[in-house]
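If you want the building blocks of each chain, they are given just below.
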Amino acid sequence: MTPERWQQISNLFQTAIELAAVQRSAFLDQACADDQTLRSEVESLISSDADSWELIEKSALEVAAPLLADEQAQLTPGENIGNYEIINLLGRGGMGEVYLAKDQRLNRRVALKLLPSDYTAEKDRLRRFQQEAQAASALNHPNILTIHELVNVDGQHFIATEFVEGETLRQRAKSVRFGIREALDISIQIVGALTAAHTARIIHRDIKPENIMLRPDGYVKVLDFGLAKLTEQQEPKADGHSVDSLDASSGLLMGTVTYMSPEQTRAQPVDARSDIFSLGVVLYEMVTGYAPFAGKTANDLIHSILANEPPRLKEYLPEAPEELQFIVNKALAKNKAKRYQTAEDFLWDLELLRQQIDLETGFQGTTALGLGGRRTAGPSTFPTSAQTRGGKAVSFRLGVLTPSNVQQLVSQMVRHKLGAALGLLALVVLVGGVTYPFKKLISKPAAPFEKIKVTRLSATGAVETAVISPDGKYIGYTTLDAAGLVTLWIRGLVTNTATEIISPRETYIRQLFFSPDGTYLYYVTTGKELHRIPALGGANEKVLNDVGYFNTFSPDAGQVAFIRSDWGAGITALVIANADGKGETTVATRNAPDYFRYDSVPSWSPDGKSIACVAMNASEGYQRVFEVNIKTGEQKPLTSQEWKYPISEVAWLPDSSGILLIASNSSISSEIWRLSYPSGELQKITSDVNKYEVLSLSSDSNSLLTLQTTNNTDLWIAPNADSSRATRITPARHDGKWGLAWTPDGRIVYTSESSNNSDIWIMNDDGTNQKQLTTDIHNDVLPSITADGRYVVFESNRTGAHHIWRMDTDGGNEKQLTFGMLERSPSCSPDSKWVIYNSWDSGKATVWKTTIEGGSPVQIINTLCFFPAISPDGRLIACAPSTNQRLVFPFEGGKPIIQLELPTPDDQPTGLPVWTPDGQALTFADFHGVVVNFWNKPTDGNPPKQITNFTLDQKGAPYGVIHYAWSPDGRDLTYARYESKSDMLLISDLK
């Protein structure tokens, strides 16, 4: 029996078995005509399946194996086909024979599929197959089976694919019961694959356990992407009929019936939402062990898919959380308009639920983040409990971790390095677990503890900042409402009641802290004003002007310390003042390129003798924690450890045994560390994929309050700046955060943090053909394109300090253009001859230029000015001395000829200077409220004009924007949409 013959039998069997018994005879009369042997083979398969639906659950390869066991393989071990050497036959199926082969060029193992002749005999069918296979091969995603190439040797057509070791999801399900968390991990990886495919306009159409491979290392691979679609015939128009009326030769019966979406069973056109439904079925099966829809016949099963609601999860799994029920219900909605509309939305809810389960259980396993999804080290079962929706507070109970559990976690952390995967979750304290190193955070290290209590105090994602009172009885926090107004609350942890002490207002509150006696709650506004208000409510009063962004009290509450910056002079200073605002004293200063980080929270030591703060040398590009002696001003590094990204907060432990800090060498996450004092020994306390933004300890170290933050940045395009037509063009959650630009031929160059660093990528304007241009442990940001399309110019810290580099638009021929102390923010001239940039050689950010080949730089603007941008005609340079001001200079330099004031509150970000394509205005982002809109400010002094009209909850509405760019023809606006969600976690009972 040839594979072609088996394909014919398999197609007829799959259709016949799905018809009612009374319909099969008439169907076979027509389909088999005078071929009685063909009919006999089909009827034999039907007969063997009389009482079982097992065959429907099997892949074609499994069904075919018994029939073809005695057939001679077309290829033999050792035979060479093109560049491939055959190793052995893996199996046969409807798609032909599959061989394990060796790619002799790259010395790697591949799976080689020999296609049946009926796939290649018809030129139109072969051409369509080749086109769609090429599209599928462009899906470069770790959770998608990679198609290496199509091969034609002497008229025989092969597909060379990645060879995957492991077992299918179906095979795994026969031997294990999936835990909820493992089911979520697998589903998240599958959704990551679907997201990439749907973005490339490829629909799988056959998601089922047989097409999901689980590798031994925990990665999930989705097989046959696009193949189900590639092998189909022409789709008819939707007529609402069920599968009963289908002609067997139509090829429309795609996939196993159990996993079909309602629209598939009706032979209606399908889209990405059909894949979401099928995955919903797979998720339901993994969690419960049962299919959500059942029937003795194909018609019964189809009727169940169309009309019945699946049993609730709790009928099979009493501990199933309501959040999971919500996700399953939404994925399995009969009406596709009520289903998840995109795989990204599905992914968001799955990841959120997994984070909640981690919080509750204290995740006891090793988890690594892969592109588009996470993986677990192996199957496990995680207990869950009901959780609330709608923003209500959720309290989670924790299992007890014994010392042996803890030591095992520590050993896992040692074995698995952060560089080997994007976010090792071996040690999760602040997200629901207790770890052995955390014992050392307690002021009494010898005091044993065996359990802690973790309470999630918010679930809205709208918390801006928070602090716990010294006695651990109250928390102060701010929230941001839908209109972008800030409210200050005080909440009693014993009574669990919250009181509004400052009503909603536009004034943004950057930092909160209690006075040491808990009497007052202090806060810092974006206008750098220090205010205080009685902790239980009362009159608000301003204490200080021109303080730092973040402040710290002395132990006796008599003084406050902060960092003050004078960017014009290139000086930052550590300043102390009395609590009433009087008696300012400068303790220590740093001159550019050395500076104190003004955006990091300093901390006064418990003995009152020193202040811990963060400082860095901009020419080196790294930062460290320093101790500054208050009397002498001496600055002493507390550790030799250097971090690439800002250390956002430091906090002394009350017994002076160490310092907690939030820092990271990754741009997409941050961890909490313990720095022993005075030894400088470092211990990482958390290692997950979230960011942390607050460290607030009660005075007895028994309670720790933190904010857990998730960030999302992706790229959107608004044709003609039309808000209603805005479309997401990248599915990832870390794209465009550090810059984007258009090439002259209409492609988009952008940054992506998917590799845990900021690298530069390029793609078509619809998001297809994504290609990574840079890769290393460095960070490459702020790309700019020469007008001739030859080079990408960018900023990079690959030599330690930040300098300007260039490369070809295909990523080759990298070349460093500048060699000063610190250079940033490049912009290319329209004649492709010059690059301008910020340089800190003079102690402040001034503007310089160099040729596209490098060489001796020339200063052209000696005024403090950030992010210079050359006008489209090359005559002018716009830059930003502050967030709400723009200066325009002649390209040759000199004094500014235009000064523009933007209608945005001081200290609110407005994005970088961006010229309109006609050079008549500068585009900026207006940050009033929650939703951002874009405006053009004419350079002739006329009032600004709003060009987008995003509204709250509108698809594509940006909630934060830094980078945006116009297409070369001036019609399309591309922007990086940024969204951050933060919630409070309280860790208590630490002793």
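Residues numbered from 1 in each chain as written. Predicted model: local features only at pLDDT ≥ 70, side-chain atom pairs only at ≥ 80, totals over all residues. Heavy atoms only, no water.

A. Focus on the state of the cysteines. A full pass over the atoms with the stated rule returns one disulfide. A sulfur-sulfur separation of 1.7 Å characterises the disulfide bridge that pairs Cys865 with Cys879. Measuring the twist about the S-S bond at about 85°, one finds the Cys865-Cys879 disulfide to be right-handed. One end of the pair, Cys865, is in the loop between strand S50 (854-861) and strand S51 (866-870); the other, Cys879, is in strand S52 (residues 876-882), and 14 residues separate them in sequence. For the pair Cys865 and Cys879, one class covers both residues: buried. (Disulfide = S-S within 2.5 Å. Helix = DSSP H or I, 4+ residues; strand = E, 2+ residues; numbered from the N terminus. Buried < 20%, exposed > 50% of the residue type's maximum accessible area, 1.4 Å probe, protein only.)

B. Spotlight on unusual backbone geometry. That bond from Tyr677 to Pro678 is cis: its omega, 5°, falls within 30 degrees of zero. By secondary structure assignment, the location of Pro678 is in the loop between strand S33 (671-676) and strand S34 (682-684). In this structure, Ser832 takes a positive phi of about 65° despite not being glycine. Its location among the elements puts Ser832 in the loop between strand S47 (823-828) and strand S48 (834-839). For Ser832, a relative accessible area of 11% puts it in the buried group.

C. The arrangement of the nonpolar core in detail. Among the nonpolar cores identified, the biggest contains 51 residues, and Leu283, Leu324 and Phe346 are the most heavily contacted of them. Taken together, the elements giving at least two residues each to this core come down to helix H9 (180-199), strand S8 (212-214), strand S9 (220-222), helix H12 (272-288), helix H13 (298-307), helix H14 (322-331) and helix H15 (343-361). If one sorts the elements of this core by residue count, H9 sits on top with 11 residues. By size, the runner-up hydrophobic cluster in this structure holds 20 residues, among which are Ala726, Ile947, Phe950 and Ala957. (Core = buried A, V, L, I, M, F, W, Y, C linked by side-chain atoms within 4.5 Å.)

D. The arrangement of the pattern of salt bridges in detail. Enumeration according to the criterion identifies 30 salt bridges in this entry. One salt bridge connects Glu627 with Lys636, and the closest N-O pair in it is separated by 3.7 Å. Here Arg798 ties to Asp780 by a salt bridge, and the two come within 3.0 Å at their closest N and O atoms. Of this pair, Arg798 sits in strand S44 (residues 791-799) while Asp780 is found in strand S43 (residues 780-785), placing the two residues 18 residues apart along the sequence. Under the relative-accessibility criterion, Arg798 is labelled partly exposed at 21%. If you follow the salt bridges from partner to partner, you end up with Asp103, Arg105, Arg108 and Glu149 in one network. (Salt bridge = Lys/Arg side-chain N within 4 Å of Asp/Glu carboxyl O.)

E. Representation of the pairing of strand S53 (residues 885-890) within the structure. For S53, the tally of buried residues reaches six of six residues, placing the bulk of the element in the interior. Relative to S53, S52 runs antiparallel, the two being bridged by five bridges. By the bridge assignment, Leu876 is partnered in S53 with Pro890. In the sheet, S53 pairs with strand S54 (residues 898-901) via four bridges, with the strands oriented antiparallel. The partner of Gln885 across the bridge, within S54, is Glu901. (Pairing = 2+ DSSP bridges.)

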